[in-house]
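Examining the three-dimensional arrangement
Take a look at the letters that make up each chain.
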Amino acid sequence: MNASIIFIILLVLMLTGMPISISLGLTVLSFLFMFTQVPLESVALKLFTGIEKFEIMAIPFFILAGNFLTHGGVARRMIKFATSMVGHWYGGLGLAGVLACALFAAVSGSSPATVVAIGSILMPAMVKAGFPNKFGAGVITTSGALGILIPPSIVMVMYSVATNTSVGALFMAGVIPGIGLAMVLGGVTWYRARKFDYPRMQKATLGERWKAFRESVWGLLLIVVVMGGIYSGMFTPTEAAAMSAVYAFFVAVFVYKDLSMKDVARVLLNSANMSAMLLYIITNAVLFSFIMTNENIPQALADWMLGHGLGMIAFLLAVNIILLLAGNFMEPSSIVLIFAPILFPVAMKLGIDPVHFGILMVVNMEVGMCHPPVGLNLYVASGITKMGITELTVAVWPWLLSMLAFLVVVTYVPILSTWLPKTLGMM
C-alpha cells in the first residue's frame with residue numbers, strides 16, 4: 001500500500017512537468033509528513049550523510065575532464081586518427097565516427113558530451129562527402145551512447161553510490177561490453193554503407209596514420225592514466241578522476257593550446273553547473289532510497305518475487321522491460337538512482353552478480369538515451385543535425401535494434417561483464 005502511495009505521488013509530480021530531482025524530494029517530504037512518524041531531523045541528517053561518500057567526488061572531476069576535452073581540440077584529432085585507420089572501408093567516415101566515439105567515450109565518461117564533441121565535427125564532413133543526413137545522424141546518436149559504457153563512466157559511479165559496488169570493478173567490467181557494442185554498431189554502419197554504396201575515402205599511408213596518431217596521442221594517453229592507474233592500484237577511481245581533470249587541463253591549455261587561460265574560467269563554471277545539477281539529483285534520490293528502505297519495499301518486492309517462483313531469467317527480463325520503459329520518461333542518472341536500490345536487493349537474493357547487474361543497467365540506459373520521447377542523445381543530435389526528433393527516431397532504428405539485441409546478450413551472458421574484473425583480481 002505504502003509503495004503505491006509513494007509511486008503515485010512521484011508519478012503525479014512528474015506528470016506536472018516538474019524536474020525529476022524536485023519530484024523526488026517533494027515525494028519524500030509529502031510521504032513523511034502525511035504517512036509516517038519519522039522525525040525531520042533524521043531526514044536532514046540523511047541529506048548530508050547520503051552524499052558524504054568518497055566515490056561521489058569522482059563525478060565533478062570526470063565532468064571537468066570531459067569539458068576540457070570537449071572545448072579543446074582533442075575530439076578533432078581523434079576523428080582524424082580514426083579516419084586514417086578505417087576511412088577506406090565502406091562508409092569510412094561513419095566507421096570513423098563509431099571509432100572516434102569509442103575513443104572519446106574512454107576519456108569523457110558522458111554520452112551527450114561524446115555526441116556534441118564528435119558529432120559537431122563529423123556531421124558536416126559526412127554531409128560534404130555525400131552521405132545522407134539520416135545515416136550520419138544514426139551513427140553519431142547511437143555511438144555517442146558508448147560514453148556511459150566504456151569507462152570512465154559517470155553513470156557507473158552513480159550505480160556504485162546507490163549499491164556500494166566497487167567503482168574500479170565496474171569500470172573494468174565495462175571494457176569488453178564497450179568494445180563489443182562498438183563492434184556491433186560498426187558492423188551495422190559497414191553493412192548499410194555497403195548495401196547503399198556510400199562513399200569510401202582514399203586509404204591513408206602509414207606515414208599519414210603515424211602523423212594522426214602522434215597528434216592525438218596526448219588525448220589517448222588519458223585512457224592509460226585512468227585505467228592504468230586504477231588497475232595498477234596507484235590510485236582509486238576517485239583519485240583517477242582528479243588526475244584526469246588535471247591532465248585534461250594540462251593537455252588542452254599547454255600541449256594543444258586550444259584553450260586560453262581566459263577560457264578556463266568558462267569551462268570551470270559549466271562543470272560546476274553540471275555537477276551541482278547531478279549532486280542535487282543524487283541528494284534527493286538518496287532520500288527516496290532511504291524512505292523505500294524505511295518502508296521495507298525492496299525486501300517486500302524480493303519476497304513477493306521469490307514467493308511466486310520468479311527465477312533469474314524472468315527477473316532479468318522484467319528488469320530490462322522496467323528500465324526500457326523508464327527510459328521513455330527519465331534520464332539515466334535518475335533511473336539508476338531510483339531503481340537500483342529497489343531492484344538490487346532482489347538481484348542479490350537471486351544470486352546475480354552486482355557488477356553484472358550494474359553493466360546490464362548501464363546498457364539499458366544507453367538504449368534509453370537513443371529513443372524518444374526523452375532520449376538525451378536524440379535532443380543533442382537534433383541540435384547538431386537540425387533534424388526533428390521524429391525524423392531522428394526513424395534514422396536511428398537500424399542501430400537501435402542492434403543495441404537491443406546486444407542488451408539481450410549482455411543480460412544472459414554475465415561472463416562478458418565479469419571476466420575481466422575477475423581476471424584482474426578486482427572481484
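Right above here is the structure, for reference.
Cut-offs used in this document
- Residues numbered from 1 in each chain as written.
- Predicted model: local features only at pLDDT ≥ 70, side-chain atom pairs only at ≥ 80, totals over all residues.
- Heavy atoms only, no water.
- Core = buried A, V, L, I, M, F, W, Y, C linked by side-chain atoms within 4.5 Å.
- Buried < 20%, exposed > 50% of the residue type's maximum accessible area, 1.4 Å probe, protein only.
- Helix = DSSP H or I, 4+ residues; strand = E, 2+ residues; numbered from the N terminus.
- Contact = heavy atoms within 4.5 Å.
- Phe/Tyr/Trp six-rings, centres within 6.5 Å; stacked < 30°, edge-to-face > 60°.
- Lys NZ or Arg CZ within 6 Å of the ring centre and 35° of its normal.
- Disulfide = S-S within 2.5 Å.
- Patch = residues over 30% accessible without salt bridge, like charges linked within 9 Å, V, L, I, M, F, W, Y side chains within 5 Å.
- Areas by Shrake-Rupley, 256 points an atom, 1.4 Å probe, with all protein chains shown as cover.
- Salt bridge = Lys/Arg side-chain N within 4 Å of Asp/Glu carboxyl O.
- 1 Å grid on protein atoms, 1.4 Å probe; cavity = no way out; pocket = protein on both sides within 12 Å on 5 of 7 lines; lining within 4 Å.
- Points joined across faces, edges and corners; volume = space filled by probe spheres on them.
- Nonpolar A, V, L, I, M, F, W, Y, C, P; charged D, E, K, R; others polar.
- Expected span 1.5 Å × (residues − 1).
- Bend = angle between axes of the 7 residues up to and from the residue.

Take the nonpolar core next. Counting 149 residues, the largest nonpolar core has Ile118, Phe315, Leu323, Phe339 and Phe357 as the members making the most contacts within it. A total of 12 residues in this core trace back to one element, the largest contributor, which is helix H6 (residues 92-108). Not counting residues within four places of it along the chain, the set of residues in contact with Leu323 comprises Ile335, Phe339, Leu343, Leu360, Met361, Asn364 and Met365.

Another aspect to go through is the packing of aromatic side chains. Each aromatic ring pair is summarised here by two numbers: the centre-to-centre distance and the angle between the ring planes. Applying the stated criterion to the full structure yields 16 aromatic pairs. Here the aromatic rings of Phe249 and Phe254 are separated by 5.8 Å at their centres, their planes lie at 90°, and the arrangement is edge-to-face. Among the aromatic residues, those joined into a cluster by ring pairs are Phe131, Phe135, Phe196, Tyr198 and Trp399. The side chain of Arg77 reaches across the aromatic face of Tyr256, ending 3.8 Å from its centre.

The full count for this structure, using the stated rule, is zero disulfides. For Cys101, which is in no disulfide, the shortest distance to another cysteine sulfur is to Cys370 and amounts to 10 Å.

Taken together, Ile313, Leu317, Ile321, Leu325, Val408, Val409, Tyr412, Val413, Ile415 and Trp419 make up a surface patch of nonpolar side chains, about 940 Å² in accessible area. Only helix H16 (312-326), helix H20 (389-412) and helix H21 (415-423) provide two or more residues apiece to the nonpolar patch. The residue Trp419 is located in helix H21 in this model. On the accessibility criterion, Trp419 (44% relative accessible area) is partly exposed.

On to empty space enclosed by the protein, then. Applying the stated criterion across every chain, the model contains one cavity of 30 Å³ or more. There is about 30 Å³ of room inside the largest cavity. Gly327, Met330, Glu331, Pro332, Ile335, Met365, Gly368, Met369, Val374, Gly375 and Leu376 together form the lining of the largest cavity. Looking at the lining of the largest cavity, the elements that each hand over two or more residues are helix H17 (332-349) and helix H18 (354-368). Among the residues forming the lining of the largest cavity, the class breakdown is seven nonpolar, three polar and one charged.

All right, on to the pattern of salt bridges then. Side-chain pairs of opposite charge can arise where the charged atoms are in close proximity. Scanning the entire structure with this criterion turns up four salt bridges. Salt-bridge contacts for Lys80 lead to Glu215; the nearest nitrogen and oxygen are separated by 3.3 Å. Here Glu215 lies in helix H12 (residues 206-232) and Lys80 lies in helix H5 (residues 74-86), a separation of 135 residues in the sequence. A salt bridge links Asp263 to Arg266; the shortest N-O distance between them is 3.5 Å. Of the two residues, Asp263 and Arg266 are both situated in helix H14 (residues 261-294); the distance of three residues between them amounts to about one turn of the helix. Each of Lys80, Lys211 and Glu215 takes part in a single network of salt bridges with overlapping partners.

With 27 residues, H12 extends only 33 Å from end C-alpha to end C-alpha; this falls clearly short of the ideal 39 Å at 1.5 Å per step. Bending of H12 peaks at approximately 60° at the position of Val217. Of all the positions in H12, only Arg209, Ala212, Ser216, Gly219, Leu220, Leu222, Val226, Met227, Gly229 and Ile230 are classed as buried. In this structure, the buried side of H12 is in contact with helix H4 (58-71), H5, H6, helix H10 (167-173), helix H11 (175-195) and helix H13 (237-255). Of the residues trailing H12, Gly233 is marked for its positive phi of about 85°.

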